[in-house]
Amino acid sequence: MAHLSAGKVNFSMLRELARKDIVSLLEKFSGTKAIFWDEQLTGPIGLVAEYSFLKELDVVKMFQLKPGRLPSISVKNILFITRPEVELMDCIADNLHSEESQGHSASKEYQLIFVSRRSAVCEQRLKDKGVYGTLTSIDELPVDFFPLDSDVISMELDNVFKDLYVDNEISSLHQIAHGLMSLQSLYGIFPNVVGKGRHARNVFELMTRMRRDIGVDCDPPMSPLFDTLMIIDRTVDLITPVVTQLTYEGLIDEFYGIKHNTVKLPGEKFQASSPAGQSPRSDDSSVKSVVLNSAEELYADLRDKNFSAVGTALSRKAKAISAQYEERHEAKTVSELKQFVAKLPQMQATKQSLALHTSVAELIKEITISEAFQEALQVEQDLLNGIDTDKVCPYIEDFICKQEPLTKILRLICLQSAANSGLKPRVLEHYKREIIHAYGFQHMITLHNLEACGLLRLQQSNRPFTVIRRALNLTVDDVNEITPTDISYVHSIYAPLSVRLIQWAAKPGWKQISDVLNLIPGHLVQETQPISIDLRRNSRNSVHSSIEETKVTLVFFLGGCTYAEISALRFLSKRDDAPTDYLVATTNIINGESFLTSLSETLNGNSLV
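Residues numbered from 1 in each chain as written. Predicted model: local features only at pLDDT ≥ 70, side-chain atom pairs only at ≥ 80, totals over all residues. Heavy atoms only, no water.

### What about the overall build of the protein chain?
Turning to step 1, where the next piece is worked out: Assigned secondary structure in the protein chain consists of 23 helices and 15 strands.
Turning to step 2, where the next piece is worked out: The 609 residues of the protein chain split such that 54% are buried.
Turning to step 3, where the next piece is worked out: Within the protein chain, counting contacts between residues at least 6 apart in sequence, those at least 24 apart form 79% of the total.
Turning to step 4, where the next piece is worked out: Total accessible area computed for the protein chain in this model is approximately 27500 Å², and 50% of it derives from carbon and sulfur atoms. (Helix = DSSP H or I, 4+ residues; strand = E, 2+ residues; numbered from the N terminus. Buried < 20%, exposed > 50% of the residue type's maximum accessible area, 1.4 Å probe, protein only. Contact = heavy atoms within 4.5 Å. Areas by Shrake-Rupley, 256 points an atom, 1.4 Å probe, with all protein chains shown as cover.)

Set out below in structure tokens:
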């Protein structure tokens, strides 16, 4: 089998393929177009097709899909682009009834586009509402994954974890399996599939069934570019999402929230660093929107560092830029001057990038040096080390008395529950009683949801996490944050359990920790997928036998992953002795705030925030 390096395998092609799908779909509808978006799709689609791109396809206006009368607009085509959800069909039906009552439907054509698959249930709903015949066409845009970077793709499905583990709604598993099958059609069959967790096995079985239904003869006629697909169910590791991320990218996400590669920051901090004549990209002048990805060289260098190392890196870059500008004094000849001028645009771009990230780092530092942050971080680290996890934590009680944000308190309680393999009955009841008293009985549903998915639970007779923590060396003393030697640097003390399992799977193998794996909930998957003899032969011959190439593993997080986990996997890939390179696919990107908010409900139907 050919073992290609991750430098040769990446997700860059997915963006272009998605754009081609959008072009071929929209070109079917001649004339001007107005798009009414499901609001959950505007960000993900924006990752592959910005508004300027859509304008070239005769899209003149875009609106958010909502009930009621459509805005008055003179176009030939009204395009509803939406996920296959029944509630959204009710919204579209309301729009179409309004159009018919005003006599607009005769002059326009109405198109419905599902992302990523058509739904018979949704189409039946439209029939029941009496608007199915008003639609000129129903199509699908088969985009399952959206590229966040060359090594990270996301389905951008924020409710998968709640659907699976609170509501017991498993329809998303079919979409996940279909998405992974679409990756196989592009990159070749995954020869090996391993995984851990309750639904990891279900996803693999769905993939196997889909492949059998399509027919092995229809397998992609190419040698596999990935050696292994690894499926990690989020329930395998419920600690990592609630622990504070301490990488640069992780802290940006913790404090400001990165959504679809974009973060919104306080605009007044960037007035000096914004390019001349360029205003913040937002309707609100107090907000600056910043796109974050590896296209920016400096950000690619900073994002995976522990924040303690960021200041040094910025200082080093500032000195390098200053030295480059000084080269103009050494240019004596016309040729040398031309060479310096040719480098100026890149130097100016780097200088602006440096100013931007210096300002971002200052924003983050203002928070990380605060007493409140340091106190909460110390509580986290004590809990991770198993200190007094059997008792009611006085710091948590104090936070409740101070009316700290509820998600902050729930993160610590969930961490204590996970680190202690559950809470004693009196401890859990005490926390629940205090929260209801301080924040209101309307949060009872949120507490129920946290118990339903296992984030809050009663302690059993044994405490497996203590054994897991010690066996896998999850808490590490004296972590080198500047020049790290272990993945624990992403949390300064704690190695993400999920990534430690991935690390062990590659070397020396899960057989060495079979006893530990038995302590972790969920099925174990270790399967080999049949591949034609010709493809295996081509795969072996594609790389010179004297060259040992690094294997490539695709890690799929079912239920979300954090930026800290991504940074830890990148760290493993960069090691000189790395047995495999890692690329990441996930249902969505999460942090403690977004993870708990997705599980929150109040009696009045609102979330925590």
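There's plenty left to go through after this.
### Topic: the side chain of Thr240
Turning to step 1, where the next piece is worked out: Along the chain, Thr240 falls in the loop between strand 9 (228-233) and helix 9 (248-256).
Turning to step 2, where the next piece is worked out: At a separation of 2.9 Å, a polar atom in the side chain of Thr240 contacts the side chain of Tyr494.
Turning to step 3, where the next piece is worked out: Look past the residues within four positions of Thr240 in its chain and what remains in contact with it is Arg234, His491, Tyr494, Pro496, Leu497, Thr562 and Glu565. (Polar contact = N/O pair within 3.5 Å; in protein donor to acceptor, adjacent residues only side chain to side chain.)

### Considerations on the pattern of salt bridges
Turning to step 1, where the next piece is worked out: Taken as a whole, this structure holds 33 salt bridges when the rule is applied.
Turning to step 2, where the next piece is worked out: For Asp390, the salt bridge identified is with Arg463, shortest N-O distance 3.6 Å. Taken together, the residues span a long stretch of sequence, with Asp390 in the loop between helix 13 (371-384) and helix 14 (394-401) and Arg463 in the loop between helix 17 (444-452) and helix 18 (464-471) at a distance of 73 residues.
Turning to step 3, where the next piece is worked out: Exposure remark for Asp390: the relative accessible area of 22% places this residue in the partly exposed category.
Turning to step 4, where the next piece is worked out: Overlapping salt bridges bring together Asp149, Asp151, Glu249, Arg303, Asp304 and Arg570 as one network. (Salt bridge = Lys/Arg side-chain N within 4 Å of Asp/Glu carboxyl O.)

### Quick word on the sheet that holds strand 11 (residues 262-266)
Turning to step 1, where the next piece is worked out: As summarised here, the arrangement of the three strands in space is 10-11-12, forming an open sheet in which the pairing is antiparallel. Where the open sheet ends on each side, the last strands, each with one partner, are strand 10 (258-259) and strand 12 (287-291).
Turning to step 2, where the next piece is worked out: Pairing of strand 10 with strand 11 involves two bridges; the strand directions are antiparallel. If you follow Lys259 over to strand 11, its bridge partner there is Thr262.
Turning to step 3, where the next piece is worked out: Across the sheet, helix 9 touches strand 10 and strand 11, and the angle it forms with strand 11 is around 65°. (Pairing = 2+ DSSP bridges. Axes fitted to C-alpha atoms, helices over the stretch in contact; angles between N-to-C directions.)

### Quick word on unusual backbone geometry
Note: most peptide bonds trans; most residues except glycine with negative phi.
Turning to step 1, where the next piece is worked out: For the peptide bond that leads from Val115 to Ser116, omega is 5°, which places it in the cis range.
Turning to step 2, where the next piece is worked out: Within the secondary structure, Ser116 is located in the loop between strand 4 (109-114) and helix 5 (120-128).
Turning to step 3, where the next piece is worked out: Omega for the bond connecting Lys507 with Pro508 falls within 30 degrees of zero, at 10°, which places this linkage in the cis form.
Turning to step 4, where the next piece is worked out: Residue position: Pro508 is located in the loop between helix 19 (497-506) and helix 20 (514-519).
Turning to step 5, where the next piece is worked out: With a phi close to 75°, Asn261 is a non-glycine residue in the positive phi region.
Turning to step 6, where the next piece is worked out: Mapped onto the secondary structure, Asn261 falls in the loop between strand 10 and strand 11.

Note that all results are geometric; they support no functional claim without further evidence.
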